Amino acid sequence: APGFEGHDIIASMAKDCIGSTNRSVLIVGSDKDFMQCVSDRCFLMCPSQKKILTQTDVHEKFGVLPTQMIDFQSLVGDSVDNIKGV
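Figured I'd write up the structure that's included with this text. Computed from a predicted model, the values in this text were never measured in an experiment.

Right, let's get into the overall build of the protein chain. A tally of regular secondary structure across the protein chain gives 3 helices and 3 strands. Shown N-terminal to C-terminal, the secondary structure of the protein chain runs as helices and strands in the order α-β-β-β-α-α. Relative to its length of 86 residues, the protein chain is compact, with a C-alpha radius of gyration of 13 Å against a globular reference of 12 Å. A buried classification covers 28% of the 86 residues belonging to the protein chain. Long-range contacts, defined as pairs at least 24 residues apart, comprise 23% of the intrachain contacts of the protein chain with a sequence gap of at least 6. Between the averaged position of the 8 positive side-chain charges in the protein chain and that of its 11 negative side-chain charges there is a distance of 5 Å.

Now for helix α2 (residues 55-62). By the burial criterion, the buried members of α2 are Asp57, Val58 and Phe62. Seen along its axis, α2 keeps its buried residues to an arc of 105°; they face one direction. Positioned one or two residues after α2, Gly63 has a phi angle of 80°, which is positive.

This part takes up the state of the cysteines. A full pass over the atoms with the stated rule returns 0 disulfides. Cys17 takes part in no disulfide bond, and the closest cysteine sulfur, belonging to Cys42, lies 9.2 Å away.

Cut-offs and rules
Residues numbered from 1 in each chain as written. Predicted model: local features only at pLDDT ≥ 70, side-chain atom pairs only at ≥ 80, totals over all residues. Heavy atoms only, no water. Helix = DSSP H or I, 4+ residues; strand = E, 2+ residues; numbered from the N terminus. Rg over C-alpha atoms; globule rule 2.2 N^0.38 Å. Buried < 20%, exposed > 50% of the residue type's maximum accessible area, 1.4 Å probe, protein only. Contact = heavy atoms within 4.5 Å. Lys, Arg positive; Asp, Glu negative; His and termini not counted. Charge placed at Lys NZ, Arg CZ, Asp CG, Glu CD. Arc of directions from axis to C-beta. Disulfide = S-S within 2.5 Å.

In structure tokens:
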């Protein structure tokens, strides 16, 4: 879809699946933007680490909850996404 990156579409599909079913979702990918999707029913597997990340793992790694990742990346910056930070 024009104007969207692949991880945007994957995150939207994961959210829709969680909202419409009683199932959990596993996203496989190394994009840090996926961290904001992690919840009690959405997990992230980074192929290089071969580990399934939970909310606790995101908090231990970044010091913020997955729901705070957008704010965190905005403040500290993200060179991959060309965000300078504060």
